[in-house]
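Overview (structure and organization)
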Amino acid sequence: MTKIAIASDHHGVSLKAQLVGMLKGMGYDVSDEGPASADAVDYPDFAARVSRKVADGQVDSGVLICGSGIGMAIAANRFPGVRAAVCYDAELAELSRRHNNANVVCLSGDRVSADANAEIVRLWLATDFDGGRHARRVDKLEQFPGNQAESC
């Protein structure tokens, strides 16, 4: 069973709850990394919870939500082996998987509707990496200094 870790900041708590339900309904093993309420929190703390699990191989992929998705992506991409992509629509979701082998999808809780975000996640999970010339490029990313997998 595919394991997915999900977290948000205060901007994405309600969307996170909806996505957790959807993902569990689709048969995924979902780890909700918080927060539990809409009280203000710092997004890097929650991005780190998911990113550590992805980097260490505890989960297969991650979903992160903040107001824009950008802060979560910046934080997540600091972890070795994490390839986080901000996706505002289905086309970006598909491309992030097919061409970049993204293993974390970052969503906007403020700028994209819950229904559109759900469709983004469904498509993102259903899309496979194309490999080929894209694999060569992703392999180069993994060679950047500090990006070799080690315990975070």
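Residues numbered from 1 in each chain as written. Predicted model: local features only at pLDDT ≥ 70, side-chain atom pairs only at ≥ 80, totals over all residues. Heavy atoms only, no water.

1. So, the packing of helix α4 (residues 90-98) against helix α5 (residues 114-126)
As a reminder, the rule being used: Axes here refer to lines fitted to C-alpha atoms; in helices the fit is confined to the stretch in contact. Angles between the N-to-C directions go from 0 to 180 degrees. Helix and strand assignments follow DSSP, with helices taken as H or I runs no shorter than four residues and strands as E runs no shorter than two, numbered in order from the N terminus. Between 65 and 115 degrees an angle is taken as roughly perpendicular, under 35 as roughly parallel, over 145 as roughly antiparallel, and anywhere else as oblique. Note on convention: the crossing is left-handed when the near helix lies turned anticlockwise from the far helix by less than a right angle, right-handed when the turn is clockwise. The contact rule is simple, with two residues in contact once any of their heavy atoms fall within 4.5 Å.
As a packed pair, α4 and α5 sit with axes 8 Å apart at the nearest point and diverge in direction by 25°. Judged by the inter-axis angle, α4 sits roughly parallel to α5. Note on packing geometry: the crossing formed by α4 with α5 is right-handed. From α4, A90, A93, E94, S96 and R97 reach across to α5, where they touch I120, L123 and W124.

2. Here we look at the state of the cysteines
We count it as follows: Only a pair of cysteine sulfur atoms within 2.5 Å counts as a disulfide in this structure description. Summary of the burial criterion: residues with accessible area below 20% of their type's maximum are buried, those above 50% are exposed, and those between are partly exposed, where the area comes from a 1.4 Å probe applied to protein chains only.
What the rule picks out here adds up to zero disulfides. C66 forms no disulfide, and the closest cysteine sulfur to it belongs to C106, at a distance of 7.3 Å. Taking relative accessible area as the criterion, C66 reaches 4% and is therefore assigned buried. Cysteine C87 is unpaired, with the sulfur of C106 as its nearest cysteine sulfur at 7.9 Å.

3. A look at the pairing of strand β3 (residues 61-66)
So the rule is basically this: At least two bridges found by DSSP between two strands are what make those strands a pair.
Extensive coverage of β3 is indicated by the burial of six of its six residues. Burial of the side chains of β3 extends over both faces: S61, V63 and I65 are buried on one face and G62, L64 and C66 on the other. For strand β1 (residues 3-8) and β3, the ladder comprises five bridges, and the chain directions are parallel. Following the sheet pairing, A7 is matched in β3 by L64. As defined by bridge partners, β3 adjoins strand β5 (residues 104-108) across five bridges and the pair is classed as parallel. Counterpart to V63 in the pairing with β5 is V105.

4. Examining a nonpolar patch on the surface
Threshold: Every patch collects residues that have over 30% relative accessible area and no salt bridge, joining them within 9 Å if they carry like charges and within 5 Å if they are nonpolar side chains (Val, Leu, Ile, Met, Phe, Trp, Tyr). Here the open area of atoms and residues is found with the Shrake-Rupley method and a 1.4 Å probe, where only the protein chains shown may cover a residue. Salt-bridge detection follows one rule: a side-chain nitrogen of Lys or Arg within 4 Å of a carboxyl oxygen of Asp or Glu.
A cluster of nonpolar side chains, contributed by I70, I74, Y88 and L92, occupies part of the molecular surface with about 350 Å² of accessible area. Following the sequence through the fold, I74 ends up in helix α3 (residues 70-76).

5. What about the nonpolar core?
Worth spelling out the cut-off: Within this scheme, the nonpolar core is defined by two criteria: the residues are buried Ala, Val, Leu, Ile, Met, Phe, Trp, Tyr or Cys, and they are joined through side-chain atoms within 4.5 Å.
Counting residues in hydrophobic clusters, the biggest one holds 23 residues, and the most contacted among them are L19, L23, V63 and L107. Counting residues per element, the ones that place at least two in this core are β1, α1 (13-25), β3, β5 and α5. Beyond its immediate sequence surroundings of up to four residues, V63 is in contact with I4, A5, I6, A7, L19, V50, V105 and L107. Within the second largest apolar cluster, 20 residues are counted, among which are A5, A7, V54 and V104.

6. Description of the side chain of S61
Residue placement: S61 occurs in strand β3. Setting aside chain neighbours within four positions, we find S61 in contact with K3, I4, A5, V54, N103, W124 and L125.

7. Some details on the environment of D89
For clarity, the cut-off: Between N or O atoms, a polar contact is any pair within 3.5 Å; within protein, one atom must be a potential hydrogen donor and the other a potential acceptor, and residues adjacent in sequence are included only when both atoms are from side chains.
By the secondary structure assignment, D89 is in the loop between β4 (84-86) and α4. Residue D89 is classed as partly exposed on the basis of its relative accessible area of 35%. Along the backbone, D89 and A116 are 27 residues apart, and their C-alpha atoms lie at a distance of 7.2 Å. Within the structure, the side chain of D89 is placed 3.2 Å from the backbone nitrogen of E91, a separation counted as a polar contact. Side-chain polar atoms of D89 contact the backbone nitrogen of L92, separated by 2.8 Å.

8. Brief notes about helix α2 (residues 43-55)
The following threshold applies: Expected helix span is taken as 1.5 Å per residue step, with the number of steps being one fewer than the number of residues.
Compared with the 18 Å implied by 1.5 Å per residue over 13 residues, the 18 Å span of α2 between its first and last C-alpha is a close match. On its buried face, α2 sits against β1, β3, α3 and β5.

Purely spatial values, then, with no claim about function.
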